[in-house]
Number of protein chains: 2
Amino acid sequence: MSSPDGDWSAADRRWMARALALAALADGQTSPNPLVGAVVLDAGGGLVGEGFHRRAGAPHAEVVALAQAGPRARGGTLYVSLEPCCHHGRTPPCSELVVGAGLARVVVARQDPDPRVAGAGLAALAAAGISVSVGLCSGAASALNRPFLHRLATGRALGVLKWAASLDGRQATSDGHSQWISGVEARHWVHSLRARCDAVVIGGGTLRADDPLLTSRGQRSPEPLRVVFSRSLALPAEARLWDQGRAPTLVVHGPAPTQRCNAIDDLGVDRLALAEASPRLLAEALAARGCNRILWECGPALAAAALREGCLQTIEALEAPLLIGGCGAATPLADFGVRHLDQALRFPPPRLQRLGPDLRRSVELP
Amino acid sequence: MSSPDGDWSAADRRWMARALALAALADGQTSPNPLVGAVVLDAGGGLVGEGFHRRAGAPHAEVVALAQAGPRARGGTLYVSLEPCCHHGRTPPCSELVVGAGLARVVVARQDPDPRVAGAGLAALAAAGISVSVGLCSGAASALNRPFLHRLATGRALGVLKWAASLDGRQATSDGHSQWISGVEARHWVHSLRARCDAVVIGGGTLRADDPLLTSRGQRSPEPLRVVFSRSLALPAEARLWDQGRAPTLVVHGPAPTQRCNAIDDLGVDRLALAEASPRLLAEALAARGCNRILWECGPALAAAALREGCLQTIEALEAPLLIGGCGAATPLADFGVRHLDQALRFPPPRLQRLGPDLRRSVELP
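Residues numbered from 1 in each chain as written. Chains lettered and ligands numbered in written order. Predicted model: local features only at pLDDT ≥ 70, side-chain atom pairs only at ≥ 80, totals over all residues. Heavy atoms only, no water.

Draft legend 1. Inspection of the overall build of chain A at higher detail. Helix and strand content of chain A: 11 helices and 16 strands. The C-alpha radius of gyration of chain A comes to 23 Å, within 12% of the 21 Å expected for a compact globule of 366 residues. Reported as C-alpha extents along the three principal axes, the dimensions of chain A are approximately 70 × 45 × 35 Å. The buried share of chain A, taken over its 366 residues, is 56%. In chain A, of all internal contacts separated by at least 6 residues, the share reaching a separation of at least 24 is 70%. Split by element, the accessible area of chain A, about 14,300 Å² in all, is 51% carbon and sulfur. (Helix = DSSP H or I, 4+ residues; strand = E, 2+ residues; numbered from the N terminus. Rg over C-alpha atoms; globule rule 2.2 N^0.38 Å. Buried < 20%, exposed > 50% of the residue type's maximum accessible area, 1.4 Å probe, protein only. Contact = heavy atoms within 4.5 Å. Areas by Shrake-Rupley, 256 points an atom, 1.4 Å probe, with all protein chains shown as cover.)

Below is the structure:
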């Protein structure tokens, strides 16, 4: 059913690249679903339909593309960036629709590891006599859906840690001032990063120090879930996060918080108690709520705990052209167990991007 | 005597660029003298001589170029990147030689601010009937001789601070391990940086923790002076710096060190007592010993003190792709007085260079 590498025509590659580009248009907006894009050609190889999955509950990519194609799909080809589903979810199985459209050939970038699909979608198409090929642009397709695939494989949301620091590695002055280290271009980029995430996590310390808003400034609708992870529940009575007019807020704590925060109950802020105040349980709880990718914008202690527990897959480190120095001025990561340099966490050279005067280093952790 | 901007011919610009490129060949090797390059054309505009100043005590650039040109210089043009001297130093005045060579025109990039010259060299040439023009490529000429000009203007050696840190801004693990954070390419680049400096300064803490060699690994001859700046003189009896077979070492301390280090006296290591254990006095003392540029490879406390006292003009910050974290793991700069972000030291975006897996950010402080 799969084609060997190099067996694809230039047209195959071009159309699958188009399907992937369509899929990426909804980056961060489809959770818990994957990103999917689809292209339909008629029997003569002409483009007659295309589409992508916009958000959970909205039509699947194949549905959009086939609806656009109508009867012109008969005898044609479908390119789709992920295996068509074959189960009844919020929408009917795409495999039935594809078969019904009378397509001659279906090209799929990669299987869907969702246990309800996992090859059964492809088998249903082949059983109906359609020529099915799998594996075209599979690397790019996997990279595109890394958060979705990570959640399915681990049961945890993929974690992105973001920090902004000075050239000398400080996140704040020794008196705790951190607004603003990075410039407007970098802060705008952070808003766009939030728009690609399902939730943004901070700790109680960041809430108390910065009273942040944590939204994408309207770049995503709905805004990502704003999560305050607090062992103690020693949280301020007034905070911009308690106003849920713009975006939802969730307070997560351990089994026995030492403090009470009446404000959050009075204001109806959602609350979740974990069996243990652990970043791993938080990443699992958010995955269970449908988050594929979460952004950690927390201080050094929570960031180090998340790193230690394997909750971070990507680091977005912003550096501003200034020096802060200081004894006790915050750095991005507290202790995560490195005593000797042999134990340091090593990774390939970061990708670099200038954001106004600032520098972004983007790291994929091994 | 000077030409207005834009009044230079394309040939003028090309020949002065050549003189500057020649001057740069001896970068870091001429102290206490400046870098100087010279080009001689004959009366027809053909190249007949060129040269540069290789080291203090060696012939000046004009001498080398005019010797090469011989009688062909008569009626010709001299391009020189700095005003010719007019005083008797270790070598006779260049202005006399230039006049004697019968040149018709001399083009100079900028005046020499040395009080023994400072325009008098140009005046001597003009008085002899030579057409003298000043100011061609003056910005590049000043940049090239920034260390020399800084020493003349301030009485202190220009300071370059170098550090190597992890992505999270750590110079060492919490147990003090720092060898090696950066890779071989970056370490090789540090050797070439040392080759452009007259002295390399560390504090007693770095000596105790790293027992470094601090040489250019033969890229400069003689090697830069290795300076240990120790308030207390609590220095180890054995250290690679005490072996002066490869490079000279100087121990600098305050007026009343609390400890003794018999080893350095027994081994004949040079010693200097300052009126106060201050980086500024050290930069002055090294300038008085003929250093134009010194490299600070010290720990966070001495680096912060040097910054506070205006001893640092350039920062070379190396970043390796690893995470260290830790409570108390060293960062590049201790406190230098920043409490609020308004007080942070801001500078233009650094120049970037990849050094193998590492990233160099090069900063000129305002």
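Draft legend 2. The arrangement of the environment of arginine 308 of chain A in detail. Here arginine 308 of chain A lies in helix 11 (residues 300–308). Residues arginine 308 of chain A and proline 279 of chain A, spaced 29 residues apart in sequence, show a C-alpha to C-alpha distance of 9.2 Å.

Draft legend 3. Region of the structure containing the interface of chain B and chain A. Contact with chain B, which involves 49 residues of that partner, is made by 49 residues of chain A. Carbon and sulfur atoms make up 65% of the surface buried where chain B meets chain A, a total of about 3,900 Å² over both sides. For the chain B face of the interface with chain A, the top three residues by lost area are Leu167, Leu323 and Leu341 of chain B, together amounting to 18%. At the junction of chain B with chain A, the criterion picks out two salt bridges. Measuring nitrogen to oxygen at the nearest pair gives 2.5 Å for the salt bridge that ties arginine 361 of chain B to glutamate 319 of chain A. Connecting chain B to chain A are 20 residue pairs in polar contact (both at pLDDT 80 or more). Sorting the residues of the side of chain B that touches chain A by element identifies strand 12 (314–320), strand 13 (322–323), strand 14 (345–346), strand 15 (351–355) and strand 16 (358–364) of chain B as the ones contributing at least two each. Among the residues forming the side of chain B that touches chain A, the class breakdown is 29 nonpolar, 10 polar and 10 charged. Two elements, strand 13 (residues 322–323) of chain A and strand 14 of chain B, share two bridges in a ladder whose sense is antiparallel. (Buried area = accessible area lost by both parts, 1.4 Å probe. Salt bridge = Lys/Arg side-chain N within 4 Å of Asp/Glu carboxyl O. Polar contact = N/O pair within 3.5 Å; in protein donor to acceptor, adjacent residues only side chain to side chain. Nonpolar A, V, L, I, M, F, W, Y, C, P; charged D, E, K, R; others polar. Pairing = 2+ DSSP bridges.)

Draft legend 4. Geometry of the environment of serine 131 of chain A. Residue and element names in this part refer to chain A. Looking at the secondary structure, you find serine 131 in strand 5 (residues 131–134). On the accessibility criterion, serine 131 (36% relative accessible area) is partly exposed. Placed 26 residues apart in sequence, serine 131 and arginine 105 show a C-alpha to C-alpha distance of 4.6 Å. Dropping the residues within four chain positions of it, serine 131 is found in contact with Ala104, Arg105 and Val106.

Draft legend 5. Highlighting the pattern of salt bridges. Per the counting criterion, the structure on display carries 32 salt bridges over all chains. When the shortest N-O distance is used, the salt bridge between arginine 18 of chain A and glutamate 50 of chain A registers 2.6 Å. Separated by 32 residues along the polypeptide, arginine 18 of chain A in helix 1 (residues 10–24) and glutamate 50 of chain A in strand 2 (residues 47–52) bring together distant segments of the chain. According to the relative accessible area criterion, arginine 18 of chain A is partly exposed, its value standing at 35%. The partner of aspartate 335 of chain B in a salt bridge is arginine 339 of chain B, with the nearest N and O atoms 3.0 Å apart. Classification of arginine 339 of chain B by relative accessible area gives partly exposed; the value is 31%.

Draft legend 6. View of unusual backbone geometry. Residue proline 32 of chain B follows serine 31 of chain B across a cis peptide bond; omega there is 5°. The residue proline 32 of chain B is located in the loop between helix 1 (10–24) and strand 1 (37–41) in this model. In the segment running from glutamine 179 of chain B into tryptophan 180 of chain B, the intervening peptide bond is cis, with an omega of -5°. With respect to the helices and strands, tryptophan 180 of chain B occurs in the loop between strand 6 (158–166) and helix 7 (184–195). Here alanine 118 of chain A, not a glycine, exhibits a phi torsion of approximately 45°, which is positive. Examined against the element boundaries, alanine 118 of chain A turns out to sit in the loop between strand 4 (105–108) and helix 4 (120–127). We classify alanine 118 of chain A as partly exposed; its relative accessible area is 40%.

Draft legend 7. How the structure looks around the side chain of asparagine 145 of chain A. Counting through the fold element by element, asparagine 145 of chain A comes out in the loop between helix 5 (138–144) and helix 6 (146–154). Contact partners of asparagine 145 of chain A, with chain neighbours within four places excluded, come to Pro34 and Leu35 of chain A.

Draft legend 8. Up close: the relation of the copies chain B and chain A. Of the transformation superimposing chain B on chain A, the axial component is 0.0 Å and the angular component is 180°, with the fit at an RMSD of 0.0 Å. The relationship between the two copies is best expressed as a two-fold rotation axis. No C-alpha of chain B lies nearer the rotation axis than that of glycine 169 of chain B, which sits 2.1 Å from it. With an isologous cut-off of 70% or more, the 100% of interface residues of chain B that recur at the interface of chain A puts this contact in the isologous class. (Least-squares fit on C-alpha atoms with pLDDT ≥ 70 in both.)

Draft legend 9. Highlighting the pairing of strand 4 of chain A. All names here are of chain A. As paired elements, strand 3 (residues 77–80) and strand 4 share four bridges and run parallel to each other. The residue of strand 4 that forms the bridge with tyrosine 79 is valine 107. Judged from the four bridges that link them, strand 4 and strand 5 form a sheet pairing that is parallel. The partner of valine 106 across the bridge, within strand 5, is valine 132.

Draft legend 10. Here's a closer look at the side chain of glutamate 319 of chain B. Looking at the element boundaries, glutamate 319 of chain B is found in strand 12. Here arginine 361 of chain A takes part through its side chain, which lies 2.5 Å from a polar atom of the side chain of glutamate 319 of chain B. Residues contacting glutamate 319 of chain B, with those up to four places away along its chain left out, are Glu319 and Arg361 of chain A together with Ala165, Ser166, Leu167, Asp358, Leu359 and Arg361 of chain B.

Keep in mind these numbers describe shape, not what the thing actually does.
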